Amino acid sequence: MAAELHVELVAADRSVWSGEATLVVARTTSGDIGIMPGHQPLLGVLESGPVTIRTSEGGTVIAAVHGGFISFADNKLSLLAEIVELADEIDVQRAERALERAKAETDAAAERRAEIRLRAVAVR
Amino acid sequence: MGAQLRVYKRRIQAVTATKKITKAMEMIAASRIVKAQRKVAASKPYATELTRAVTAVATGSNAKHPLTTEVEAPTRAAVLLVTSDRGLAGGYSSNAIKAAERLRERLASEGKEVDTYIVGRKGVAYYGFRERKVEDSWTGFTDNPAYADAKRIAAPLIAAIQKDSAEGGVDELHIVFTEFVSMMTQNAVDDRMLPLSLDEVAEESARKGEILPLFDFEPSAEDVLDALLPRYVESRIYNALLQAAASEHAARRRAMKSATDNAGDLIKSLSRLANAARQAEITQEISEIVGGASALADATAGSDK
């Protein structure tokens, strides 16, 4: 069996996903980073974007993360963010509507949020 | 029906109506405590992970950050007071206000000016009535706070602490809220959020027997700390708001329970009085009838002769 790392995907008000994984790819402020079991302890600032978790069962979990942190130590990876949405939870039509609305109102923050949501769905 | 009896009946009716209302409020509060407790529990993973991360950066690097270093001679402090929007919760809000007053006195005796920030209509009303200066206040969400509310509150506080105290900024950040210990116990506590006392945090993790690994920081320890600390403050405020909400519901439930009990006692003693009044009325009526009958009997007996 391949080595595993334990992943906790945590939002401010709930625990979104937790389980074993073989690879986690996330975007930090200095570029994309892939973490595999046995990585050296790391603490980084996340950019808004999709996070890809390859679970040990062979599946893939994708989540849209809006800012936050990544910390890895003792084969335990924590992804912290104020808002986390699993790709499966995202309603594409709603996200598209939100994007259009944000564009119409030139709300840059909302537009970015909607875009990230759509990107996470696209990866799925 | 006699006048006395009517008065008692009316009072019993009034108290019964009040009892129904307080009973309903008690049950609503009871169901909300559970919900609020669940929210506190749900916010825990984020808070613990964040605290761990802050500890890791602060202890694992030599980064000096304004938010973790204590100023030599602090001159101003910000106090965030968490009260409720609505009353009928016993001493909940006034206990928090009292705790804030004590903290204020302590800070003043240490030679610090105090800027007050308030959450909840009750605290705003208290300070408004006394015409005290309030830097900023927020209302309308104390019974069910969201993370966005905590963010809104944290923004001006973080801005204030990042400013120099000579320019109207603050050196310290305190929070006064009601800690939820259990269903029966809630304590108004004050807590210093910033500057972070690292010894305390390190002690806590040492007690758990956790050895912090040497982290690799991405992009750098300073940048991570810069990004972490505002989130840390937000998360602390969010946690305080959630605990305060749970405490508020618990306090309201207790207050409403004692109000319901009192109404029950009142109804009992009033119906005793009403029974006595009715009995007295009946006794009087009987004695009047008997007296009348015997007077009549006496009169007819006299006319017979």
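Rules used in this analysis
- Residues numbered from 1 in each chain as written.
- Chains lettered and ligands numbered in written order.
- Predicted model: local features only at pLDDT ≥ 70, side-chain atom pairs only at ≥ 80, totals over all residues.
- Pairing = 2+ DSSP bridges.
- Helix = DSSP H or I, 4+ residues; strand = E, 2+ residues; numbered from the N terminus.
- Axes fitted to C-alpha atoms, helices over the stretch in contact; angles between N-to-C directions.
- Contact = placed C-beta atoms within 7 Å.
- Nonpolar A, V, L, I, M, F, W, Y, C, P; charged D, E, K, R; others polar.
- Domains from an automatic or database assignment.
- Buried ≥ 20, exposed ≤ 12 C-beta atoms within 10 Å, placed from the backbone.

1. Let's talk about the sheet that holds strand S4 (residues 172–180) of chain B
Residues and elements named next belong to chain B. The strand order across the open sheet built from five strands is S3-S2-S1-S4-S5, with neighbouring strands paired in mixed fashion. With one partner strand each, in any of the chains shown, strand S3 (136–138) and strand S5 (186–194) form the two edges of the open sheet. This sheet shows a mean twist of 20 degrees between the axes of neighbouring strands, independent of strand direction. As defined by bridge partners, strand S1 (residues 76–82) adjoins S4 across five bridges and the pair is classed as parallel.

2. Focus on the interface of chain B and chain A
Counting residues at the interface gives 24 residues for chain B and 23 residues for chain A. Listing elements by their share of the side of chain B that touches chain A, those giving two or more residues are helix H1 (3–60), strand S6 (216–218) and helix H6 (221–304) of chain B. In terms of residues, the side of chain B that touches chain A owes the most to one element, H1 of chain B, which gives ten residues. In the side of chain B that touches chain A, the residues fall into 17 nonpolar, two polar and five charged. One ladder, built from three bridges, connects strand S4 (residues 42–46) of chain A with S6 of chain B; its direction is parallel. Residue pairing across strands places Leu-43 of chain A opposite Phe-217 of chain B, the latter belonging to S6 of chain B.

3. Brief notes about the domain arrangement of chain A
All names here are of chain A. Taken domain by domain, chain A consists of domain 1 (5–86) and domain 2 (90–123). Counting residues at the interface gives nine residues for domain 1 and eight residues for domain 2. When contributions to the side of domain 1 that touches domain 2 are tallied by element, the ones reaching two or more residues are strand S5 (49–55) and strand S6 (60–66). In terms of residue count, the dominant contributor to the side of domain 1 that touches domain 2 is S6 (four residues). Of the residues in the side of domain 1 that touches domain 2, the class split is four nonpolar, four polar and one charged.

4. Remarks on unusual backbone geometry
All names here are of chain B. Its identity is not glycine, yet Leu-88 carries a phi of approximately 55 degrees, on the positive side. The class of Leu-88 is partly exposed, set by 14 C-beta atoms lying within 10 Å. Backbone geometry places Glu-131, a non-glycine residue, at a positive phi of 55 degrees. Positionally, Glu-131 belongs in the loop between helix H3 (121–129) and S3.

5. Here we look at the pairing of S5 of chain B
Residue and element names in this part refer to chain B. Pairing analysis gives eight bridges linking S4 to S5, with the strands arranged antiparallel. Counterpart to Leu-173 in the pairing with S5 is Leu-194. Where S4 folds back on S5, the antiparallel hairpin that results is connected by five residues.

6. Details of the environment of Asp-13 of chain A
Mapped onto the elements, Asp-13 of chain A comes out in the loop between strand S1 (5–11) and strand S2 (14–28). Distance from Asp-13 of chain A to Glu-85 of chain A, taken between C-alpha atoms, is 12 Å for residues 72 residues apart in sequence. Once residues within four sequence positions are removed from consideration, Asp-13 of chain A is found in contact with Lys-39, Ala-42, Ser-43 and Tyr-147 of chain B.

7. Overview of the environment of Ala-95 of chain A
Residues and elements named next belong to chain A. With respect to the element layout, Ala-95 can be found in helix H1 (residues 92–104). By C-beta crowding, Ala-95 is classed as buried, having 21 other C-beta atoms within 10 Å. For the pair Ala-95 and Val-51, spaced 44 residues apart in sequence, the C-alpha to C-alpha distance is 18 Å. Residue contacts for Ala-95: discarding those within four places in its chain leaves Ile-90, Ala-114, Arg-117 and Leu-118.

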